Amino acid sequence: GAGVSQSPSNKVTEKGKDVELRCDPISGHTALYWYRQSLGQGLEFLIYFQGNSAPDKSGLPSDRFSAERTGGSVSTLTIQRTQQEDSAVYLCASSLVSLKSSYNEQFFGPGTRLTVL
Amino acid sequence: AQSVTQPDIHITVSEGASLELRCNYSYGATPYLFWYVQSPGQGLQLLLKYFSGDTLVQGIKGFEAEFKRSQSSFNLRKPSVHWSDAAEYFCAVGASGGYNKLIFGAGTRLAVHP
């Protein structure tokens, strides 16, 4: 079946512009995560959505970053007034959530490479 | 705070040689531990995971990892590396209970010489 998809695959923008990154999770997955992978660094958690619960935004680096998830499916990560340090690969992941399982594997998309000039 | 350290940024091995990638973690309780692989232009793929029980876990592509609580380590191994194993490898620790925010290490980039 289809995996997690993200668009665009690459985005080049000018400093100060706003960008939107899209994530389509695996159908039926109720949990959705955004991570950021900066050059030379590991993946950094940004935000987590689960069903109708309030999202965990604890990883968002500044108030320029926001995300929404419409209809419990597609998610959009928005970065306002982009800065050069926002350049990174933004990865989305989704998973089922089962309280019967001690862990629910996250399936990752291919990412969006954002370059801020 | 939870953290993951991968001491080796870059490793080069010859094809057919054995491999060990190091991972150390800091976590207050019994951790859930993972190794992911990221090939160029690809998303992350789960290689293996440890939750409890046998401390030696087997994964896909011939990889294995050993959990050593006394050393807070979860090193990844493969007895004979193939050229297709060239990729970046990430160790991660996660919390329990359905919701698993993952804390990743910085990654180790593996190059394989023919």
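Visitor: In this structure, what is going on with the overall build of chain B? I would like to understand it.
Guide: Counting its regular elements, chain B contains zero helices and 12 strands. Secondary structure elements in chain B, listed N-terminal to C-terminal, are β-β-β-β-β-β-β-β-β-β-β-β. Its C-alpha radius of gyration of 14 Å places chain B within 12% of the 13 Å reference for a compact globule of 114 residues. A principal-axis box enclosing the C-alpha atoms of chain B has dimensions of 40 × 30 × 25 Å. Burial statistics for chain B: of 114 residues in total, 46% are counted as buried. Pairs at least 24 residues apart make up 54% of the contacts formed inside chain B by residues separated by at least 6 positions. Placing the 9 positive and 8 negative side-chain charges of chain B at their respective mean positions leaves the two points 7 Å apart.

Visitor: When you look at the pattern of salt bridges in this model, what are you seeing that I'm missing?
Guide: Pairs can form between side chains of opposite charge whenever their charged atoms are close. Tallying each qualifying case throughout the model produces eight salt bridges over all chains. Across the pair Asp 86 of chain A and Arg 64 of chain A runs a salt bridge whose closest N-O atoms are separated by 2.8 Å. On the criterion of sequence distance, the pair formed by Asp 86 of chain A in the loop between β7 (75-79) and β8 (88-95) and Arg 64 of chain A in the loop between β5 (43-50) and β6 (65-69) is long-range, its members being 22 residues apart. Each member of the pair, Asp 86 of chain A together with Arg 64 of chain A, is buried. Connected through shared salt-bridge partners, Glu 64, Glu 66 and Arg 77 of chain B make up one network.

Visitor: So what exactly am I meant to see when it comes to the sheet that holds β7 of chain A here?
Guide: What holds strands together in a sheet is hydrogen bonding between their backbones, with the strands either parallel or antiparallel. Residues and elements named next belong to chain A. Sheet architecture is open: four strands sit in the order β1-β3-β7-β6, paired in antiparallel fashion. The open sheet has two edge strands with one neighbour each: β1 (5-7) and β6. Ignoring which end each strand starts from, the neighbouring axes of this sheet average 15 degrees apart. As paired elements, β6 and β7 share five bridges and run antiparallel to each other. For Phe 65, the partnering residue across the bridge sits in β7 and is Ile 79.

Visitor: How should the state of the cysteines be read in this particular structure?
Guide: In a disulfide, the sulfur atoms of two cysteines are held together by a covalent bond. Summed over all chains, the structure comprises two disulfides over all chains. Between the sulfur atoms of Cys 23 of chain A and its disulfide mate Cys 92 of chain A the distance is 1.8 Å. Judged by the torsion about the S-S bond (-65 degrees), the Cys 23 of chain A/Cys 92 of chain A disulfide is left-handed. With Cys 23 of chain A in strand β3 (residues 19-24) and Cys 92 of chain A in strand β8, this residue pair connects regions lying 69 residues apart in the sequence. Between the sulfur of Cys 23 of chain B and that of Cys 91 of chain B lies a disulfide, 1.9 Å long from S to S. What sets the handedness of the Cys 23 of chain B and Cys 91 of chain B disulfide is the S-S torsion sign, and at about -65 degrees it is left-handed. Here Cys 23 of chain B is found in the loop between β3 (19-21) and β4 (24-26), whereas its partner Cys 91 of chain B is found in strand β10 (residues 87-94), with 68 residues between them in sequence. Neither Cys 23 of chain B nor Cys 91 of chain B differs from the other in exposure class; each is buried.

Visitor: Got a minute to help me understand unusual backbone geometry in this structure?
Guide: Where the residue is not glycine, phi is negative for most of them; where a peptide bond is considered, it is trans in most cases. Cis rather than trans, the peptide bond between Ser 7 of chain A and Pro 8 of chain A has omega equal to -10 degrees. Unlike most non-glycine residues, Lys 61 of chain B shows phi in positive territory, near 60 degrees. You can see Lys 61 of chain B is positioned in the loop between β7 (56-58) and β8 (64-68). For Ser 72 of chain B, which is not a glycine, the phi torsion comes out positive at approximately 50 degrees. Looking at where Ser 72 of chain B falls in the secondary structure, it is placed in the loop between β8 and β9 (73-78).

Visitor: Looking at this structure, I do not really get the nonpolar core. What am I missing?
Guide: Here is a general trend for soluble globular proteins: nonpolar side chains tend to be buried in one another's company. All names here are of chain B. Core analysis: the biggest nonpolar cluster contains 26 residues, and Leu 19, Trp 35, Leu 47, Leu 48, Phe 74, Leu 76 and Tyr 89 have the highest contact counts within it. Listed by contribution, the elements that provide at least two residues to this core are β2 (10-14), β3, β5 (32-38), β6 (44-50), β8, β9, β10 and β12 (108-113). Of all the elements, β10 adds the most residues to this core, at four residues.

Visitor: Quick question: what am I supposed to make of the packing of aromatic side chains here?
Guide: Ring pairs (aromatic) are described by centroid distance and by the angle formed between their planes. According to the stated counting rule, one finds 16 aromatic pairs over all chains in the structure shown. Here the aromatic cluster, defined as three or more aromatic residues joined through ring pairs, consists of Tyr 33, Tyr 35, Phe 45, Tyr 48 and Phe 108 of chain A together with Tyr 32, Phe 34, Tyr 36, Phe 51, Phe 90 and Phe 104 of chain B.

What counts and what doesn't
- Residues numbered from 1 in each chain as written.
- Chains lettered and ligands numbered in written order.
- Predicted model: local features only at pLDDT ≥ 70, side-chain atom pairs only at ≥ 80, totals over all residues.
- Heavy atoms only, no water.
- Helix = DSSP H or I, 4+ residues; strand = E, 2+ residues; numbered from the N terminus.
- Rg over C-alpha atoms; globule rule 2.2 N^0.38 Å.
- Buried < 20%, exposed > 50% of the residue type's maximum accessible area, 1.4 Å probe, protein only.
- Contact = heavy atoms within 4.5 Å.
- Lys, Arg positive; Asp, Glu negative; His and termini not counted.
- Charge placed at Lys NZ, Arg CZ, Asp CG, Glu CD.
- Salt bridge = Lys/Arg side-chain N within 4 Å of Asp/Glu carboxyl O.
- Pairing = 2+ DSSP bridges.
- Axes fitted to C-alpha atoms, helices over the stretch in contact; angles between N-to-C directions.
- Disulfide = S-S within 2.5 Å.
- Core = buried A, V, L, I, M, F, W, Y, C linked by side-chain atoms within 4.5 Å.
- Phe/Tyr/Trp six-rings, centres within 6.5 Å; stacked < 30°, edge-to-face > 60°.

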